[in-house]
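Understanding the architecture of this molecule
These are the residues of each chain, in order.
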Amino acid sequence: MTPTSARHRQNDSHEIAFTGNKTCARRLLRDYGFDKRWSNETLRARWDGAAALLDWWRALPPAMRPPLNSLNQDDARAFIASLERRGLARSTIKSYRVGADALTQAVRWAWEMPVGEDPHYRPFEGVQPRPKPRAVPQLDQAKLEALPHDQRRTKLEVLLALLDLGLSVPEACSCTWAMIDVSTRALTRPGARRVALGVPAVRALEALWWAQAEYRRNVYYTALAWSPETARKWLKKVR
């Protein structure tokens with residue numbers, strides 16, 4: 001299908017920005033996708049997110065609607081929060097986020113000066129759905145207390161403390177001593193995200209530090225020295 005003229009695209013972008021017109025949005029997103037050499041499958045996926053953004057925008061009180069050519073990160077977060085309230089899967093929300101971002105870029109792409117296509121205009125950059133809290137294993141305290149007071153029990157206590165902080169079993173098993181700073185009660189996760197360590201984690205990590213052979217305290221060694229499979233095996237023993 002032949003793309004529309006530049007003048008028609010400008011008219012469509014104005015109509016989308018101020019009225020949320022879906023017909024114009026579909027047509028403009030098609031032209032934008034043609035310019036970016038999207039496949040038909042990519043265009044369909046982008047449109048789902050674009051349509052969700054328009055639905056969110058039109059549901060706002062008119063006085064609260066931001067022009068769709070000048071969304072900011074607060075607007076992007078509000079849109080993502082609306083998807084979360086609908087109970088959509090995290091993967092669906094991420095896909096809709098990409099489509100919504102594509103529409104905002106398309107509106108800018110077709111706008112005449114002084115707006116135009118701005119490489120620094122990224123209202124959705126870094127805005128992601130909140131991770132769902134991980135389910136912490138339900139433990140049988142009697143089974144835990146029945147374990148011998150050896151290094152395996154200490155490792156299990158460390159594992160449980162890290163799971164309580166929101167780490168997954170593979171993440172907990174991959175933690176090296178370089179990532180753990182008991183003195184400042186901090187654990188640095190991949191991506192430089194820091195997690196504050198509470199009393200259970202600090203106490204268990206200190207006990208594990210002294211229980212291990214000296215060579216295993218090297219910063220390059222993992223604290224638990226367990227594979228995820230081994231960790232899950234020991235978790236089953238105390239459930």
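Since the structure is predicted, the reported quantities are computational estimates derived from the model, not experimental observations. Residue positions are given per chain, counted from 1 along the sequence in the order it is written. In keeping with the model being predicted, local features are shown solely for residues with a pLDDT of at least 70 and side-chain atom pairs are shown and tallied solely at 80 or more, while totals for entire chains, interfaces and linings include all residues. By convention in this description, side-chain values take in all heavy atoms of the structure and omit both hydrogens and water.

Focus: the sheet that holds strand β1 (residues 180–181)
Cut-off, in case you're wondering: Two strands make a pair as long as DSSP finds a minimum of two bridges between them. In this text, helices come from DSSP runs of H or I with a minimum length of four residues, and strands from runs of E with a minimum of two, each type numbered from the N-terminal end.
Taken in spatial order, the three strands of this open sheet run β1-β2-β3, and their pairing is antiparallel. What marks the edges here is a single partner per strand, and that holds for β1 and β3 (193–196).

Regarding the packing of aromatic side chains
What counts is decided by this rule: Two rings belonging to Phe, Tyr or Trp (six-membered ring only in the last case) form a pair when the distance between their centres is within 6.5 Å. Interplanar angles under 30 degrees mark stacking, angles over 60 mark edge-to-face geometry, and anything in between is tilted. Relative accessibility thresholds used throughout: buried, under 20% of the residue-type maximum; exposed, over 50%; partly exposed, between the two (1.4 Å probe, protein chains only).
For the structure shown, the criterion picks out eight aromatic pairs. Geometrically, the ring pair formed by Trp-56 and Phe-79 is edge-to-face, given 6.0 Å between the ring centres and 65° between the ring planes. Of this pair, Trp-56 sits in helix α3 (residues 40–59) while Phe-79 sits in helix α4 (residues 73–85), and the two are 23 residues apart along the sequence. For Phe-79, a relative accessible area of 0% gives the class buried.

Side note on the packing of helix α2 (residues 22–36) against helix α5 (residues 90–110)
Helix-helix packing: each pair is described by the crossing angle between the helix axes and the interaxial distance. Just so we agree on the cut-off: In this analysis, axes come from line fits to C-alpha atoms, helices being fitted only over the stretch in contact, and the angle between any two N-to-C directions falls in the range 0 to 180 degrees. An angle below 35 degrees is read as roughly parallel, one above 145 as roughly antiparallel, one from 65 to 115 as roughly perpendicular, and any other as oblique. Note on definitions: a residue-residue contact is assigned when non-hydrogen atoms from the two residues lie within 4.5 Å.
It is at 9 Å that the axes of α2 and α5 come closest, and there the two elements cross at 85°. Relative to α5, α2 is oriented roughly perpendicular. Contacts between α2 and α5 involve Ala-25, Leu-28, Leu-29, Asp-31, Tyr-32 and Asp-35 from the first element and Ala-102, Leu-103, Gln-105, Ala-106, Val-107, Trp-109 and Ala-110 from the second.

Overview of the pairing of strand β2 (residues 186–189)
Sheet topology note: the β1/β2 ladder contains two bridges and is antiparallel. Counterpart to Ile-180 in the pairing with β2 is Leu-187. Hairpin connection, β1 to β2: the antiparallel pair is bridged by four residues, and Arg-185 has positive phi, about 55°. As defined by bridge partners, β2 adjoins β3 across four bridges and the pair is classed as antiparallel.

Concerning the pattern of salt bridges
We apply this condition: The term salt bridge refers to a side-chain nitrogen of Lys or Arg lying within 4 Å of a carboxyl oxygen of Asp or Glu.
Here the structure, examined in full by the defined rule, presents seven salt bridges. Between Lys-22 and Asp-55 there is a salt bridge, with the nearest N and O atoms lying 2.8 Å from each other. Here Lys-22, found in helix α2, pairs with Asp-55, found in helix α3; they are 33 residues apart in sequence, far enough to count as distant. What makes Lys-22 partly exposed here is its relative accessible area of 29%. Arg-77 is the salt-bridge partner of Asp-74, the closest N and O atoms lying 3.1 Å from each other. With Asp-74 and Arg-77 both in helix α4 and three residues apart, the pair spans about one turn of that helix. Of the residues examined, Asp-74 reaches a relative accessible area of 54% and is grouped as exposed. Among the residues examined, Arg-77 registers a relative accessible area of 43% and is labelled partly exposed.

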